[in-house]
Amino acid sequence: MVRLPLSTAEVERGQRLGALLRRARGARSMLTTALDAGVSPETLRKIESGRVATPAFPTIAAIADVLGLSLDAVWSEINQADTEAGLAGSGRNTAERLAS
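Overview of the structure. (Residues numbered from 1 in each chain as written. Predicted model: local features only at pLDDT ≥ 70, side-chain atom pairs only at ≥ 80, totals over all residues. Heavy atoms only, no water.)

1. Some details on the overall build of the protein chain
Point 1. Helix and strand content of the protein chain: 7 helices and 0 strands.
Point 2. Within the span of the protein chain, comprising 100 residues, buried residues form 33% of the whole.
Point 3. When contacts within the protein chain are restricted to residue pairs at least 6 apart in sequence, long-range pairs at least 24 apart make up 61% of them.
Point 4. When the accessible surface of the protein chain is summed, it comes to about 5,800 Å², and 55% of that surface belongs to carbon and sulfur atoms. (Helix = DSSP H or I, 4+ residues; strand = E, 2+ residues; numbered from the N terminus. Buried < 20%, exposed > 50% of the residue type's maximum accessible area, 1.4 Å probe, protein only. Contact = heavy atoms within 4.5 Å. Areas by Shrake-Rupley, 256 points an atom, 1.4 Å probe, with all protein chains shown as cover.)

2. Overview of the nonpolar core
Point 1. Ranked by internal contacts, the top residues of the largest apolar core, which has 17 residues, are Leu17, Leu21, Ile47, Ile60, Ile63, Val74 and Ile78.
Point 2. Secondary structure elements with two or more residues in this core: helix H1 (8-25), helix H2 (30-37), helix H3 (41-49), helix H4 (57-67) and helix H5 (71-78).
Point 3. Among the elements that make up this core, the one with the highest residue count is H4 (5 residues).
Point 4. Aside from chain neighbours lying at most four places away, what touches Ile47 is Gly14, Leu17, Gly18, Leu21, Val52, Pro55, Thr59, Ile60 and Ile63. (Core = buried A, V, L, I, M, F, W, Y, C linked by side-chain atoms within 4.5 Å.)

3. Observations concerning the pattern of salt bridges
Point 1. Considering all chains together, one arrives at 5 salt bridges under this definition.
Point 2. As a salt-bridge pair, Glu77 and Arg23 come within 2.9 Å of each other at their nearest N and O atoms. Here Arg23 lies in helix H1 and Glu77 lies in helix H5, a separation of 54 residues in the sequence.
Point 3. You can call Glu77 partly exposed: its relative accessible area is 27%.
Point 4. Across the salt bridge formed by Arg51 and Glu42, the nearest N and O atoms sit 3.1 Å from each other.
Point 5. Salt bridges here are not isolated pairs; linked through shared partners, they connect Glu42, Arg45 and Arg51. (Salt bridge = Lys/Arg side-chain N within 4 Å of Asp/Glu carboxyl O.)

4. So, the environment of Ser40
Point 1. Relative to the elements of secondary structure, Ser40 occurs in the loop between H2 and H3.
Point 2. Taking relative accessible area as the criterion, Ser40 reaches 33% and is therefore assigned partly exposed.
Point 3. Counting along the chain gives 10 residues from Ser40 to Met30, while the straight-line C-alpha distance between them is 9.7 Å.
Point 4. Only 2.8 Å separates the side chain of Ser40 from the side chain of Thr43, close enough to count as a polar contact. (Polar contact = N/O pair within 3.5 Å; in protein donor to acceptor, adjacent residues only side chain to side chain.)

5. A few points about the environment of Ala64
Point 1. Mapped onto the elements, Ala64 comes out in helix H4.
Point 2. Separated by 44 residues in the primary sequence, Ala64 and Leu20 place their C-alpha atoms 9.9 Å from one another.
Point 3. Not counting residues up to four positions away in its chain, the partners in contact with Ala64 are Leu69, Leu71 and Val74.

6. Regarding H1
Point 1. Between its first and last C-alpha atoms H1 spans 26 Å; for 18 residues at 1.5 Å apiece the expected length is 26 Å, and the two agree.
Point 2. Residues Arg13, Gly14, Arg16, Leu17, Gly18, Leu20, Leu21 and Arg25 constitute the buried set of H1.
Point 3. Taken from the residues just after H1, Gly26 is the one with a positive phi, measuring 55°. (Expected span 1.5 Å × (residues − 1).)

Purely spatial values, then, with no claim about function.
Have a look at this one:
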């Protein structure tokens, strides 16, 4: 399956997601966080660094749960710039946007 190149907005959204997760994790180890969420430490590292800009929804849901973040808060935070630019109302639901 060929993946289409990510848009600038998607890359920026992924960077905001990574920054949010790093802040929420705080002093907690990446290894413990990843294992508690049921993902590999490398996956968490890639998401936090923005190298995986569009992680799967279940992955983000598991990490957010471990970090005590609501999915509404995650969605609001990562789409802040999109909302200001008028791009957030694409008509897709939250699960589709986080998973894409």
